[in-house]
Amino acid sequence: EGHVVESGGGLVQPGGSLRLSCAASGFTFSDYAMGWVRQAPGKGFEWVSSINRDGGRTYYADSVKGRITISRDNAKNTLYLQLNSLKTEDTAMYYCAKGLRGFYYGPPSLGDFDYWGQGTQVTVSS
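Residues numbered from 1 in each chain as written. Predicted model: local features only at pLDDT ≥ 70, side-chain atom pairs only at ≥ 80, totals over all residues. Heavy atoms only, no water.

This brings us to the state of the cysteines. Under the counting rule described, the total for this entry stands at one disulfide. Disulfide partner of Cys22: Cys96, at an S-S distance of 2.0 Å. On the S-S bond that ties Cys22 to Cys96, the torsion sits near -65 degrees, and the link is left-handed. Separated by 74 residues along the polypeptide, Cys22 in strand 3 (residues 18-25) and Cys96 in strand 9 (residues 92-99) bring together distant segments of the chain. Among the residues examined, Cys22 registers a relative accessible area of 0% and is labelled buried. Exposure remark for Cys96: the relative accessible area of 0% places this residue in the buried category. (Disulfide = S-S within 2.5 Å. Helix = DSSP H or I, 4+ residues; strand = E, 2+ residues; numbered from the N terminus. Buried < 20%, exposed > 50% of the residue type's maximum accessible area, 1.4 Å probe, protein only.)

Okay, the side chain of Glu6 next. Among the structural elements, Glu6 can be located in strand 1 (residues 3-7). Summary of buried charges: Glu6 has no salt-bridge partner, and the nearest side chain of opposite charge, Arg38, is 14 Å away. Polar contacts involving the side chain of Glu6 include one to the main-chain amide nitrogen of Gly117, which spans 3.3 Å. Polar contacts involving the side chain of Glu6 include one to the main-chain amide nitrogen of Gln118, which spans 3.2 Å. Setting aside its immediate chain neighbours within four residues, Glu6 contacts Ser21, Cys22, Trp36, Tyr94, Tyr95, Cys96, Gly117, Gln118, Gly119 and Thr120. (Lys, Arg positive; Asp, Glu negative; His and termini not counted. Salt bridge = Lys/Arg side-chain N within 4 Å of Asp/Glu carboxyl O. Polar contact = N/O pair within 3.5 Å; in protein donor to acceptor, adjacent residues only side chain to side chain. Contact = heavy atoms within 4.5 Å.)

In the sheet, strand 1 pairs with strand 3 via five bridges, with the strands oriented antiparallel. Each bridged residue has a counterpart across the sheet, and for Val5 the counterpart in strand 3 is Ala23. Where strand 3 meets strand 8 (residues 78-83), six bridges bridge the pair, whose relative direction is antiparallel. Bridging across to strand 8, Cys22 finds its partner in Leu79. (Pairing = 2+ DSSP bridges.)

What follows is about unusual backbone geometry. For Asn77, which is not glycine, the phi dihedral falls at a positive 55 degrees. Considering the arrangement of structural elements, one finds Asn77 in the loop between strand 7 (68-73) and strand 8. The phi angle at Ser85 is positive, at roughly 50 degrees, despite the residue not being glycine. Relative to the helices and strands, Ser85 resides in the loop between strand 8 and strand 9. With a relative accessible area of 42%, Ser85 lands in the partly exposed category.

In this section: the pattern of salt bridges. Enumeration over the complete set of coordinates arrives at six salt bridges. When the shortest N-O distance is used, the salt bridge between Arg53 and Asp31 registers 3.6 Å. Note that Arg53 is positioned in the loop between strand 5 (45-51) and strand 6 (58-60) and Asp31 in the loop between strand 3 and strand 4 (34-39), a separation of 22 residues in sequence. Overall, Arg53 belongs to the partly exposed group, its relative accessible area being 31%. For Asp31, a relative accessible area of 33% gives the class partly exposed. Between Asp114 and Lys98 there is a salt bridge whose closest N-O contact spans 3.0 Å. Taken together, the residues span a long stretch of sequence, with Asp114 in strand 10 (residues 113-116) and Lys98 in strand 9 at a distance of 16 residues. You can call Asp114 partly exposed: its relative accessible area is 30%. A relative accessible area of 4% means that Lys98 is categorised as buried. One connected set of salt bridges, linked through shared partners, spans Arg38, Glu46, Arg67 and Asp90.

Rendered as structure tokens:
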């Protein structure tokens, strides 16, 4: 059974940066698209970004476009999310999620992911 574990969250000031990591195991990482989803306090889940199995196509939510970069290292079974120019509204629990297939040809929905991790907290505050 698949397993993903997020890390790298923390407290950062507005305008700061963080790099989140997601270590995957229990499935063939390079066969699947991966994504990041977040949940802000008191709000629902929001898809943030996705990357296809070969890293050749990436997708971003409008709320984060231009400020974040998703990447993957298939040799290390690891997914990354580089967060830059952070805003207070980026405060949320960030979850790594495994896609149901290798390629998406547009932004996926939350239902396009199965295995989710426990999340890593990102807090943006001065």
